[in-house]
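Observations on chain architecture
Letter by letter, the chains look like this.
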Amino acid sequence: MSDKLDAILAAAHTHATDVIAPNVDAWNAAKSWPRDASNKAGAAGLTGLYAPEEWGGQGLPLSEGIQVYEQLGLGDGAYAFALSMHNICTFAGCGYGTEAFKEKWARDLTSGRKLANFALTEPQSGSDPMKMYTRATINGDGTWTISGSKAWVSLATEADVYFTVVKTSDAPGHKDMAMIAIPADAPGISFGPLYDTPSYNFLPMSEMYLDKVVVSEDNIILPIGQGLQGALMAIDIARVSIASGCCGLMQAALDTALSYSKNRKMFGGKNLDLDGIQWMLGEVATDLEASKLLYRKAAEALGTPEGPLMAAHAKRFVPDAAVKAANTCTQVLGGMGLLQTYGLDRLSRLAQMLRIVDGTTEISRVVIGRALQKRAASLPDLTVPRGFGETEEAVAAE
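What this report covers is the structure whose coordinates are included nearby. Quick caveat: nothing in here was measured; it's all calculated off a predicted structure. (Residues numbered from 1 in each chain as written. Predicted model: local features only at pLDDT ≥ 70, side-chain atom pairs only at ≥ 80, totals over all residues. Heavy atoms only, no water.)

**Thoughts on helix 9 (residues 275-301)**
Since the α-helix packs 3.6 residues into each turn, any two residues three or four apart lie on the same face. Here helix 9 spans 39 Å end to end across 27 residues, near enough to the 39 Å set by a 1.5 Å rise per residue. Along helix 9, the residues that are buried comprise Ile277, Leu281, Val284, Asp287, Leu288, Ser291, Lys292, Leu294, Tyr295, Ala298, Ala299 and Ala301. Packing partners of the buried residues in helix 9 comprise helix 4 (62-65), helix 5 (68-72), helix 8 (227-261) and helix 10 (307-333). Directly beyond the C-terminal end of helix 9, a positive phi value near 90 degrees is found at Gly303. (Helix = DSSP H or I, 4+ residues; strand = E, 2+ residues; numbered from the N terminus. Expected span 1.5 Å × (residues − 1). Buried < 20%, exposed > 50% of the residue type's maximum accessible area, 1.4 Å probe, protein only. Contact = heavy atoms within 4.5 Å.)

See below:
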């Protein structure tokens, strides 16, 4: 571990324990994004993890920076998710944006003074980005005019700029897709009612509407033809980041169960002395260790041909393990685990949310299944029993 990464992880751990954990219930009650907290995250170096140092970032490789969300997840998984999406956008803007965009936005984004988020999904499309109706018309004066709508936009009404994937024609396919950064104060941008999300009401999410929004071509992040490819890369990074945050969530649930059961007296002893309790929590501990190894290996694979598959493995396994961990730890506390005081109800709902966002675990299974089909095609055939009356010709025809 590099000295820089060691310092950043320590800062993230401190942020989780001193800023997030003591205040997250109040944030949810207030139903508003804690801008003061994200400002502190910026001051701690947590909002420009992958951006170059020349633009005020930390310059960490993805494989290292993604470990930050494991620490932030100790405090709250939704908060970790929001900062992960901001860091992905900041990485894209500083790495692929125009010089004019970087001069205007880069340092504000890496410092956390301004927040960014990603807009890909549309209300009618869900996990199918090929069904995209948001259109950008290229004007002759160096501007684009954009109309359409996006769904499940994080930091809705709170972010200062939205990295938005658009189509530039009515042609089917993705060869006309681009990504452009749309400032929140651009005329014609508006938001629908905030989604009602009981376990993370402090994170505003809603639909975003674009009505003839005019944006300078200086704000193009990925040009025509690269929009979908870049969006899929961003999603792979997000999936591994979510897996990282889930590890923090699992650790928080496990620590809660341990802290309670070591003192809870039943049947003449402490709960943690019971074999059954040890086995339940031991399984959570094993799943946590396996999850850490998996997400870190997936993070190392990002940007390589194996990256999408490894991201799918991490997104499939780790959030499922987090749901199981939160439920198991709730069970260990018995009836007390149902009380909001201990926070396990929030962790259970957060784990379920993290199974869904940026590609459900079922979508990850589809990615894994397609990879298995390709591997199967490369393997030698094994003899398959024939049905009664089948001939070689009939089998070949099938």
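On we go from here.
**Observations concerning helix 7 (residues 99-111)**
The terminal C-alpha atoms of helix 7, which comprises 13 residues, lie 18 Å apart, in line with the 18 Å expected from a rise of 1.5 Å per residue. By the largest-angle criterion, Trp105 marks the main kink of helix 7, which is about 50 degrees. Among the residues making up helix 7, those that are buried are Phe101, Lys102, Trp105, Ala106, Asp108, Leu109 and Thr110. Buried residues along helix 7 sit in contact with helix 6 (77-96), strand 1 (116-119), strand 4 (161-167), strand 5 (177-183) and strand 8 (220-222). Gly112 sits one or two positions beyond helix 7 and adopts a positive phi of about 80 degrees. (Bend = angle between axes of the 7 residues up to and from the residue.)

**Comments concerning empty space enclosed by the protein**
In total, this model carries one cavity of 30 Å³ or more according to the counting rule given. Along the walls of the largest cavity sit Tyr69, Gly77, Ala80, Phe81, Ser84, Ser241, Ile242, Gly245, Cys246 and Leu354, which together make up its complete lining. Mapped onto the lining of the largest cavity, the elements with two or more residues apiece are helix 6 and helix 8. For the lining of the largest cavity, the per-class residue count stands at six nonpolar, four polar and no charged. (1 Å grid on protein atoms, 1.4 Å probe; cavity = no way out; pocket = protein on both sides within 12 Å on 5 of 7 lines; lining within 4 Å. Points joined across faces, edges and corners; volume = space filled by probe spheres on them. Nonpolar A, V, L, I, M, F, W, Y, C, P; charged D, E, K, R; others polar.)

**Describing the environment of Ile235**
Assignment of secondary structure puts Ile235 in helix 8. Taking the C-alpha atoms as reference points, Ile235 and Leu120, separated by 115 residues in sequence, lie 9.7 Å from one another. Setting aside chain neighbours within four positions, we find Ile235 in contact with Phe118, Leu120 and Asp358.

**What to know about the pattern of salt bridges**
As enumerated under the stated definition, the model contains 21 salt bridges in all. In this structure, the salt-bridge partner of Arg355 is Glu362, at a minimum N-O distance of 4.0 Å. Given the relative accessible area of 18%, Arg355 is considered buried. Residues participating in the shared-partner salt-bridge network are Arg316, Asp320, Arg355, Glu362 and Arg365. (Salt bridge = Lys/Arg side-chain N within 4 Å of Asp/Glu carboxyl O.)

**Re unusual backbone geometry**
A positive phi angle, close to 55 degrees, is found at Lys31, a residue other than glycine. Here Lys31 shows up in the loop between helix 2 (24-30) and helix 3 (35-43). Residue class for Lys31 comes out exposed when judged on its relative accessible area of 54%. With phi around 75 degrees, Thr157 is a residue other than glycine that occupies positive phi space.

**Concerning the layout of surface pockets**
There is about 1,300 Å³ of room inside the largest pocket. Breaking the lining of the largest pocket down by element, the ones donating at least two residues are helix 6, strand 1, strand 3 (143-154), helix 8, helix 10, helix 11 (344-356) and helix 12 (361-378). The element that contributes the greatest number of residues to the lining of the largest pocket is helix 12, accounting for six residues. Each residue belonging to the lining of the largest pocket can be placed in one class, and the counts come to 24 nonpolar, nine polar and eight charged. Taken as a whole, the second largest pocket holds about 400 Å³ of empty space. Around the second largest pocket, the lining comprises 21 residues; the ones closest to its centre are Tyr96, Gln229, Gly230, Met233 and Ala234. Listing elements by their share of the lining of the second largest pocket, those giving two or more residues are helix 6 and helix 8. Ranked by residue count, the leading element in the lining of the second largest pocket is helix 8, at seven residues. The residue inventory of the lining of the second largest pocket, partitioned by class, reads 15 nonpolar, five polar and one charged.

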